[in-house]
Amino acid sequence: MTKPAKSEDIAARVPPGQTVVENFPVLSYGPAPRLNLTTWDFKVLGLVEEPIRLSYEEFRALPQSKQVSDFHCVTTWSRLDNTWEGVSVAEIMKLVKLRKEARFVVIHCDGGYTTNLPLSEFLDDDVMLAHRHDGADLELDHGFPLRLVVPKLYGWKSAKWVRGIEFADIDRRGFWEVRGYHNHADPWTEERYSFQEDPEE
Ligand SMILES: Nc1nc2c(c(=O)[nH]1)N[C@H]1C(S)=C(S)[C@@H](COP(=O)(O)O)O[C@H]1N2
Ligand SMILES: [Mo]
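So, here's what we can say about the structure. (Residues numbered from 1 in each chain as written. Chains lettered and ligands numbered in written order. Predicted model: local features only at pLDDT ≥ 70, side-chain atom pairs only at ≥ 80, totals over all residues. Heavy atoms only, no water.)

Remarks on the nonpolar core
- Phe42, Phe59, Ile107, Phe122, Leu148, Val162 and Phe167 are the most contacted members of the largest nonpolar core, which totals 50 residues.
- Those residues in contact with Phe59, other than ones at most four positions away along the chain, are Trp40, Phe42, Leu54, Val87, Ile92, Leu129, His131 and Leu146. (Core = buried A, V, L, I, M, F, W, Y, C linked by side-chain atoms within 4.5 Å. Buried < 20%, exposed > 50% of the residue type's maximum accessible area, 1.4 Å probe, protein only. Contact = heavy atoms within 4.5 Å.)

Here's what the structure looks like:
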């Protein structure tokens with residue numbers, strides 16, 4: 001058995017204004033999109049030399065990895081020690097050649113949700129495309145068959161029902177980023193709302 005973590009160790013992992021939950025809340029704008037795995041595909045497009053399109057079988061055949069990370073939703077819940085299984089961003093990047101102008105990423109989801117992040121943060125080694133959580137396939141409401149996991153940023157960057165990754169030279173705000181949420185979303189500095197953004201950036 002693993003030694004129980006001391007409460008002060010746990011406290012150091014919880015960003016300001018957050019409360020740890022043991023359950024796994026569902027936070028979605030609208031219902032889960034209808035899923036059809038026979039027509040499902042995953043695309044990498046935008047500023048790459050050759051865009052790619054993978055079927056569900058092709059995506060599931062990619063090399064797998066597993067990571068444990070904490071998850072922080074801007075609505076103030078944090079869920080610690082999530083075990084995610086899926087495909088690392090490094091593995092996806094082996095399939096394409098980025099153009100040098102690429103500096104930002106837009107994640108496209110079934111149902112029209114999008115989110116944006118800087119290329120450097122997308123390429124962080126803890127970012128992954130997950131299809132399993134805590135030892136089981138993702139539930140539909142948690143993003144099955146595929147979601148992004150970005151542990152260092154608030155949960156709305158961890159897009160569910162991902163269908164495409166687009167590389168761009170300019171930053172385009174995603175679904176929540178145009179509706180008042182912060183463009184960057186660092187939970188440790190409480191980058192919650194867009195009015196907090198530095199107008200110089
Ligand atoms: N496609 C899509 N992805 C999404 C959302 C959404 O509404 N649609 N909500 C985001 C928000 S605000 C959070 S906190 C997390 C919540 O993930 P969970 O529902 O698995 O807890 O998903 C994010 N990804
Ligand atoms: Mo959220």
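A look at the layout of surface pockets
- In this structure, the largest pocket occupies an estimated 500 Å³ of space.
- Taken together, 28 residues line the largest pocket, and the ones lying closest to its centre are Leu27, Ser28, Tyr29, Tyr113 and Trp176.
- Class assignment of the residues belonging to the lining of the largest pocket gives a composition of 18 nonpolar, seven polar and three charged. (1 Å grid on protein atoms, 1.4 Å probe; cavity = no way out; pocket = protein on both sides within 12 Å on 5 of 7 lines; lining within 4 Å. Points joined across faces, edges and corners; volume = space filled by probe spheres on them. Nonpolar A, V, L, I, M, F, W, Y, C, P; charged D, E, K, R; others polar.)

Comments concerning the side chain of Lys160
- You can see Lys160 is positioned in the loop between strand S10 (147-149) and strand S11 (162-168).
- No salt bridge is formed by the buried Lys160, whose closest oppositely charged neighbour, Asp141, lies at an N-O distance of 6.7 Å.
- At 3.1 Å, the side chain of Lys160 forms a polar contact with the backbone oxygen of Leu27.
- For Lys160, the side chain forms a polar contact with the main-chain oxygen of Asp141, separated by 2.9 Å.
- Discounting chain neighbours no more than four positions away, the residues touching Lys160 are Val26, Leu27, Ser28, Cys109, Asp141, His142, Gly143, Leu146 and Arg147. (Helix = DSSP H or I, 4+ residues; strand = E, 2+ residues; numbered from the N terminus. Lys, Arg positive; Asp, Glu negative; His and termini not counted. Salt bridge = Lys/Arg side-chain N within 4 Å of Asp/Glu carboxyl O. Polar contact = N/O pair within 3.5 Å; in protein donor to acceptor, adjacent residues only side chain to side chain.)

As for the side chain of Arg79
- Here Arg79 is to be found in strand S5 (residues 77-88).
- A distance of 3.2 Å separates the side chain of Arg79 from the side chain of Asp134, its partner in a polar contact.
- Dropping the residues within four chain positions of it, Arg79 is found in contact with Val21, Glu22, Asn23, Phe24, Ser69, Asp70, Phe71, His133 and Asp134.

Spatial relationships are all this shows, so hold off on functional conclusions.
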